[in-house]
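Secondary and tertiary structure notes
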Amino acid sequence: MEGSKANYIDNTNQIFSAGLTIRQKEPKNLEAPFDRIDSYLTPTELFYIRSHFLIPNLDRASYKLRIDGAVRSPLALSYEELRNMPSETRVATLECAGNSRVFLVPQVQGAQWELGAVSNAEWTGVPLRALLDRAGLAEDACEIVLEGADRGTPKEEPVPPMPISYTWSLSRTKALRSEVLIAYQMNGRELPRDHGFPVRAIVPGHYGMASVKWLTGIQAVREPFHGYWQTTDYAYWAMTEGQPVRRALGEMQLKSQIARPRVYETLAPNRVYTISGAAWAGETDVTAIAVSTDGGRIWTPAEFIDPMRRHAWRRWKLDWLTPNEPGQYTLLARAMDTAGVMQPDKHDRNYGTYVINHSLPIEVFIDESRRSQS
Ligand SMILES: Nc1nc2c(c(=O)[nH]1)N[C@H]1C(S)=C(S)[C@@H](COP(=O)(O)O)O[C@H]1N2
Ligand SMILES: [Mo]
């Protein structure tokens, strides 16, 4: 295999984990080491993996992508045909809606993600819009249902009456936006099996559940789609006219996370320590980060490492002269977007066990015994 990453990914396209944390062995749910975000793009072998069923084994030669439903000319594309269409490459951050769940008190059900169910990569593929144009999307199609090849019976009540595939629908508006890709490459190489080989959707700005892996079907529908994943699983209580209504999750909410120091790290007193992290948002841009080292009383602006780029995270840093006084200190980071909206300081319970985008407290210890170390 070509390239310097050949030692991580072999020719069967399986990732040899180099630093991912197992949250669930089967199906495969692995967390990225968020404290190691030294590069803007997360190396493919360190990108988090979130799967609901066993990973399907698709092969390029027999692969077909169906585009049907409310379209004038349904079609089925082979891998080669898809590869021969004009492609685009763009950077997008994926965050699982359950990222940071371990910070919820009291503890809730679900994978106990810490900070690493988020990663950033460069994706190459065909805009979904080009495929819908080619098939002739009907005027009255309101949603586009993306279907993956993985199947099974979910365990959460209410359990569907038969095995189901992983599906997610996008509004017509989002599906036609230029950023939505039907991707076959990640960081300049073929998609690894764990990340959707041979083809997946990438829905920048939305939580990860919309970026359907092992994509085999694209179906335009004339009625809103109410599949299991977006009603029972990834849904929340929205308020419309004073009434709570159940809605599918969508846009990622504004969030910053501290990567270093790590939770409960011990640091030397009276020494400059560079606090660093990353921040992202869904359909808006992150314009400022403030950091507190005293549990939220005083806030200091941090400096961005990466430029502002819609749908991609921005790493940031701040030099902190650690206190002379040993003890426990609580670090917080708070992002602000273009509209001046600030990251919340509490989890919104209407999101249940998802959308944990409040400022997460990182407790560290200033340790006297580290004073003498150089
Ligand atoms: N077919 C299929 N697509 C899927 C999933 C899945 O289980 N099956 N998981 C979704 C969820 S919840 C997330 S967060 C992202 C994770 O993508 P990754 O594993 O490449 O990080 O994939 C999404 N796409
Ligand atoms: Mo997710």
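Bear in mind that the values here come from a model prediction, so they are computed numbers and not experimental data. Residue numbers here run from 1 along each chain, matching the order of that chain's written sequence. All chains are assigned letters beginning with A, and all ligands numbers beginning with 1, in the order in which they are written. With the structure being a predicted model, the display of local features is reserved for residues of pLDDT at least 70 and the display and counting of side-chain atom pairs for 80 or more, all residues being used for whole-chain, interface and lining totals. Calculated side-chain values reflect all of the structure's heavy atoms, with hydrogen atoms and water omitted.

1. A word on the overall build of the chain
- In terms of regular secondary structure, the chain is built from four helices and 24 strands.
- The globule rule used here is 2.2 Å times the number of residues to the 0.38 power, and the radius of gyration it is set against is calculated over C-alpha atoms. By the compact-globule yardstick of 21 Å for 374 residues, the chain fits well, its C-alpha radius of gyration being 21 Å.
- Judged by the C-alpha coordinates and their principal axes, the chain covers about 70 × 60 × 35 Å.
- Here, residues are in contact when the closest pair of their heavy atoms is within 4.5 Å. Residue pairs at least 24 apart in sequence account for 71% of intrachain contacts in the chain once pairs closer than 6 positions are excluded.
- Surface accessibility follows the Shrake-Rupley procedure with a 1.4 Å probe radius. Residue values consider only the protein chains on display as shielding. Accessible surface computed for the chain: about 16,800 Å², of which carbon and sulfur atoms make up 49%.
- As used throughout, the charge tally considers Lys and Arg to be positive and Asp and Glu to be negative, leaving His and the chain termini uncounted. By convention, the point assigned to a charge is CZ for Arg, NZ for Lys, CD for Glu and CG for Asp. Here the chain contributes 42 positive and 44 negative side-chain charges, whose respective centroids are spaced 1 Å apart. Helix and strand assignments follow DSSP, with helices taken as H or I runs no shorter than four residues and strands as E runs no shorter than two, numbered in order from the N terminus.

2. Things to note about helix 2 (residues 128-135)
- Partly exposed describes any residue whose relative accessible area lies between the buried limit of under 20% and the exposed limit of over 50%, with all areas from a 1.4 Å probe on protein chains only and scaled to the type maximum. Burial in helix 2 covers these residues: Leu128, Leu131, Leu132 and Ala135. Around the axis of helix 2, the buried residues are gathered within 95° of arc, so they sit on the same side.
- Residue glycine 136 follows helix 2 closely and has a positive phi angle near 75°. It is the directions from the helix axis to the C-beta atoms that the arc portrays.

3. Brief notes about the nonpolar core
- Core analysis: the biggest nonpolar cluster contains 108 residues, and Trp123, Leu131, Ile182 and Ile218 have the highest contact counts within it.
- A domain assignment, automatic or from a database, supplies the domain bounds used here. In this structure, this core is formed jointly by two domains, domain 1 (5-248) and domain 2 (255-373), each of which donates at least three residues.
- Not counting chain neighbours up to four residues away, the residues in contact with isoleucine 182 comprise Leu65, Leu82, Gly125, Val126, Leu128, Leu131, Val199, Arg200, Ala201, Leu215 and Ile218. Only buried Ala, Val, Leu, Ile, Met, Phe, Trp, Tyr and Cys residues count toward a nonpolar core, and they belong to the same one when joined by side-chain atoms within 4.5 Å.

4. So, the pattern of salt bridges
- Only one rule defines a salt bridge in this text: a Lys or Arg side-chain nitrogen within 4 Å of an Asp or Glu carboxyl oxygen. Counted according to the given criterion, the structure contains 20 salt bridges.
- A salt bridge links glutamate 31 to arginine 23; the nearest nitrogen and oxygen atoms lie 2.7 Å apart.
- Since its relative accessible area comes to 3%, glutamate 31 is described here as buried.
- Of the charged contacts in the structure, one is a salt bridge between arginine 310 and aspartate 285, with a shortest N-O distance of 3.0 Å. Remark: aspartate 285 occurs in the loop between strand 18 (272-280) and strand 19 (286-292) and arginine 310 occurs in the loop between strand 21 (303-304) and strand 22 (314-321); sequence separation between them is 25 residues.
- Residue classification places aspartate 285 among the buried residues on the basis of a relative accessible area of 13%.
- The network of salt bridges with common partners includes Lys174, Arg177, Glu179 and Glu283.

5. What about the site of ligand 1?
- Ligand 1 sits among 19 residues. The nearest are Tyr48, Asp150, His195, Arg200 and Lys213.
- Polar contacts here mean pairs of N or O atoms no more than 3.5 Å apart (in protein, one a potential hydrogen donor and the other a potential acceptor; neighbouring residues in sequence count only if both atoms are side-chain atoms). Histidine 195 has a polar side-chain atom sitting 2.7 Å from an oxygen atom of ligand 1. Nearness is defined per residue: one heavy atom within 4 Å of the molecule or strand is enough.

6. Side note on the environment of methionine 85
- Checked against the element boundaries, methionine 85 lands in the loop between helix 1 (79-83) and strand 6 (88-95).
- Separated by 45 residues in the primary sequence, methionine 85 and tyrosine 40 have C-alpha atoms spaced 28 Å apart.
- Those residues in contact with methionine 85 that lie beyond four places of it in its chain are Leu77, Val126, Ala130, Leu131 and Arg134.

7. Thoughts on the domain arrangement of the chain
- Taken as a whole, the chain is organised into domain 1 (5-248) and domain 2 (255-373).
- Distance between the C-alpha centres of domain 1 and domain 2: 28 Å.
- Each partner contributes to the interface: domain 1 provides 36 residues, whereas domain 2 provides 31 residues.
- In this assembly, domain 1 and domain 2 are joined by four salt bridges.
- Where arginine 262 meets aspartate 35, a salt bridge forms, and the shortest distance between an N and an O atom there is 2.5 Å.
- The tally of links from domain 1 across to domain 2 stands at 19 residue pairs in polar contact (both at pLDDT 80 or more).
- For the side of domain 1 that touches domain 2, the elements supplying multiple residues, two or more each, are strand 6, strand 7 (118-127) and strand 14 (235-240).
- Considering every element that reaches the side of domain 1 that touches domain 2, the biggest residue donor is strand 6, with four residues.

8. A few points about the environment of asparagine 99
- Looking at the element boundaries, asparagine 99 is found in the loop between strand 6 and strand 7.
- In this structure the C-alpha to C-alpha distance between asparagine 99 and tryptophan 214, which are 115 residues apart in sequence, comes to 22 Å.
- Side-chain polar atoms of asparagine 99 contact the side chain of glutamine 257, separated by 3.0 Å.

9. Structural notes on the packing of aromatic side chains
- Each pair of aromatic rings taken from Phe, Tyr and Trp, with Trp reduced to its six-membered ring, is defined by centres within 6.5 Å and is described as stacked if the planes are under 30 degrees apart, edge-to-face if over 60, and tilted in the remaining cases. Overall, the coordinates contain 13 aromatic pairs when judged by the stated rule.
- Both rings, one in tyrosine 236 and one in tyrosine 351, keep their centres 4.9 Å apart while their planes meet at 35°; by these two values the pair is tilted. With tyrosine 236 in strand 14 and tyrosine 351 in the loop between strand 23 (327-337) and strand 24 (362-366), this pair connects stretches of sequence that are 115 residues apart.
- Since its relative accessible area comes to 16%, tyrosine 236 is described here as buried.
- Chaining the aromatic ring pairs together yields one cluster made of Phe47, Tyr48, Trp113 and Trp123.
- Any Lys NZ or Arg CZ found within 6 Å of a ring centre and within 35 degrees of that ring's normal is scored as a charge over the ring. Directly above the aromatic system of phenylalanine 304 lies the positively charged group of arginine 314, at a separation of 3.6 Å from the ring centroid.

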